Amino acid sequence: MPIIKSAKKRAKQSLVRQARNYNVRTAVRKSMRSVMDAVKAGDKAEAEKMMSTAYKQIDLATKKNVLQKNTAARRKSLLARSVATVVAKKKAEK
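So, how was this worked out
- Residues numbered from 1 in each chain as written.
- Predicted model: local features only at pLDDT ≥ 70, side-chain atom pairs only at ≥ 80, totals over all residues.
- Heavy atoms only, no water.
- Helix = DSSP H or I, 4+ residues; strand = E, 2+ residues; numbered from the N terminus.
- Buried < 20%, exposed > 50% of the residue type's maximum accessible area, 1.4 Å probe, protein only.
- Contact = heavy atoms within 4.5 Å.
- Expected span 1.5 Å × (residues − 1).
- Phe/Tyr/Trp six-rings, centres within 6.5 Å; stacked < 30°, edge-to-face > 60°.
- Lys NZ or Arg CZ within 6 Å of the ring centre and 35° of its normal.

Asker: Explain unusual backbone geometry here, please?
Answerer: In most cases, non-glycine residues show a negative phi, while peptide bonds are predominantly trans. Its identity is not glycine, yet N65 carries a phi of approximately 60 degrees, on the positive side. Tracing the sequence through the fold places N65 in the loop between α2 (44–63) and α3 (69–93).

This is the structure in structure tokens:
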């Protein structure tokens, strides 16, 4: 436990920031999962619709410094590649 007054304050601030970051990180994960679920189901239209909300969540997390810039770019790239494979699967089946 912190003894110095400023250390106590920093501990409190850390808990508040941790909770805030948790909510942002959870929103990113949920939006990414919804895109991946749509990709697994083979629903391209739904995946593209969800991808825009996932991009928005990722960008927001990056702006709030919850995610680093390169991490955000990598995740967005992963989503785009996943949605692109849905198109390839549909063409391959026909």
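Read on, since the account is not over.
Asker: Help me understand the environment of V83, please; the structure alone is not making it clear to me.
Answerer: When you line up the elements, V83 lands in helix α3. We classify V83 as buried; its relative accessible area is 5%. Taking the C-alpha atoms as reference, V83 lies 12 Å from S34; in sequence the two are 49 residues apart. Filtering out sequence-adjacent residues up to four positions away, V83 remains in contact with V35, V39, A47, E48 and M51.

Asker: What exactly am I supposed to notice about helix α1 (residues 5–41) here?
Answerer: Structural remark: α-helix, 3.6 residues per turn; residues separated by three or four positions point the same way. Over its 37 residues, α1 extends 54 Å from the first C-alpha to the last, a length consistent with the 54 Å expected when each residue adds 1.5 Å. Buried within α1 are the following residues: V24, T26, V28, S31, M32, V35, A38 and V39. Of the residues trailing α1, G42 is marked for its positive phi of about 85 degrees.

Asker: What should I look at first to understand the packing of aromatic side chains in this one?
Answerer: Each aromatic ring pair is specified by the distance between its two centres and by the angle formed by the two planes. According to the stated counting rule, one finds zero aromatic pairs in the structure shown. Taking NZ or CZ as reference, K76 lies 5.2 Å from the ring centre of Y55, over its face.

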